[in-house]
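Descriptive structure summary
Residues per chain, in single letters:
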Amino acid sequence: MALYPIRTFGDPVLRLETKPVTEIDDVVRALVQDMIETMYEAPGVGLAANQIGVTRRIAVFDAQDELGPRVMINPEIIELGGEWMYEEGCLSVPGHWWEITRPGFARVKAIDLDGNDVEYAGDGLLGRVLQHEVDHLDQKLLIDRLDKPIRKKALRDLRDEALGLATFE
Ligand code: NI
């Protein structure tokens, strides 16, 4: 088991194409365990492999329900519905939360660690985390989901932060 540093906004790896997993071997199983540990340590409710520098289509999440940590390999969104505004954050953009409107309900099909087909579906936090993690694997960050004026301000704040400048509201 190992903890990985989480890559943050501006790290080019977050924008690199991710490749499907073709074989679930010991390397993948160990990686998933490390991802779960890294997610809990952060702490966060989801983590995609590219957030720790691995460009494979793997994500883990814990929607804070009784099911605990789950893994999705090669996930695909197959259904979306409704609309829900939620204050969303990301381990790769630490210390920031933005109100983001997305579909409320999401259904994802994926492969689990045994190579079986699985589906995860729900609304609330589960629906949100499913969409957020698949976004990561598609090189999208929550910043990309903001309306233009809010995005401009967010990018300015993040740039100032990266330069070590104090920000004044
Ligand atoms: Ni994230």
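Data block above holds the structure.
Let me begin by describing the structure that accompanies this report. (Residues numbered from 1 in each chain as written. Predicted model: local features only at pLDDT ≥ 70, side-chain atom pairs only at ≥ 80, totals over all residues. Heavy atoms only, no water.)

1. Observations regarding the pairing of strand 6 (residues 105-111)
Regular strands place their side chains on alternate faces of the sheet. Put simply, the test is: Classification of residues uses two cut-offs on accessible area relative to the type maximum, computed with a 1.4 Å probe and protein chains only: under 20% is buried, over 50% is exposed, and between them is partly exposed. Note on conventions: DSSP H or I runs of at least 4 residues are helices, E runs of at least 2 residues are strands, and numbering of each starts at the N terminus. The pairing criterion is simple: DSSP has to find at least two bridges between the two strands.
With burial as the criterion, only one face of strand 6 is covered, namely that bearing Ala 106, Val 108 and Ala 110; the residues Phe 105, Arg 107, Lys 109 and Ile 111 on the opposite face remain uncovered. Pairing geometry for strand 3 (residues 70-81) and strand 6, over six bridges, is antiparallel. By the bridge assignment for strand 6, Ile 73 is matched with Ile 111. Relative to strand 7 (residues 117-122), strand 6 runs antiparallel, the two sharing six bridges. Paired with Ala 110 across the bridge in strand 7 is Val 118.

2. What to know about the packing of aromatic side chains
To keep things clear, this is the line we draw: Paired rings are identified among Phe, Tyr and Trp, the last through its six-membered ring, by centres lying within 6.5 Å, and are further divided according to the angle between planes into stacked (under 30 degrees), edge-to-face (over 60) and tilted (the rest).
Scanning all chains against the criterion turns up two aromatic pairs. An angle of 25° between the planes, with centres 4.8 Å apart, marks the rings of Trp 84 and Tyr 86 as stacked. Assessed through its relative accessible area of 30%, Tyr 86 is described here as partly exposed.

3. Side note on the coordination of the nickel ion
Which entries qualify depends on this criterion: Only N, O and S atoms count as donors, using a 2.8 Å cut-off from the metal and 3.2 Å for Na, K and Ca, and because water is excluded some sites may appear unfinished.
Surrounding the nickel ion are the protein donor atoms Cys 90 (SG), His 132 (NE2) and His 136 (NE2), which sit 2.0 to 2.3 Å from the metal. Within one chain, the residues serving as donors to the nickel ion are arranged as C-x41-H-x3-H. Taken together, the positions of Cys 90 in the loop between strand 4 (84-89) and strand 5 (97-102) and His 132 in helix 2 (residues 124-137) put the pair 42 residues apart, joining distant regions of the chain. For the residue pair Cys 90 and His 132, the accessibility class agrees, reading buried in each case.

These values are about where atoms sit, not about what they do.
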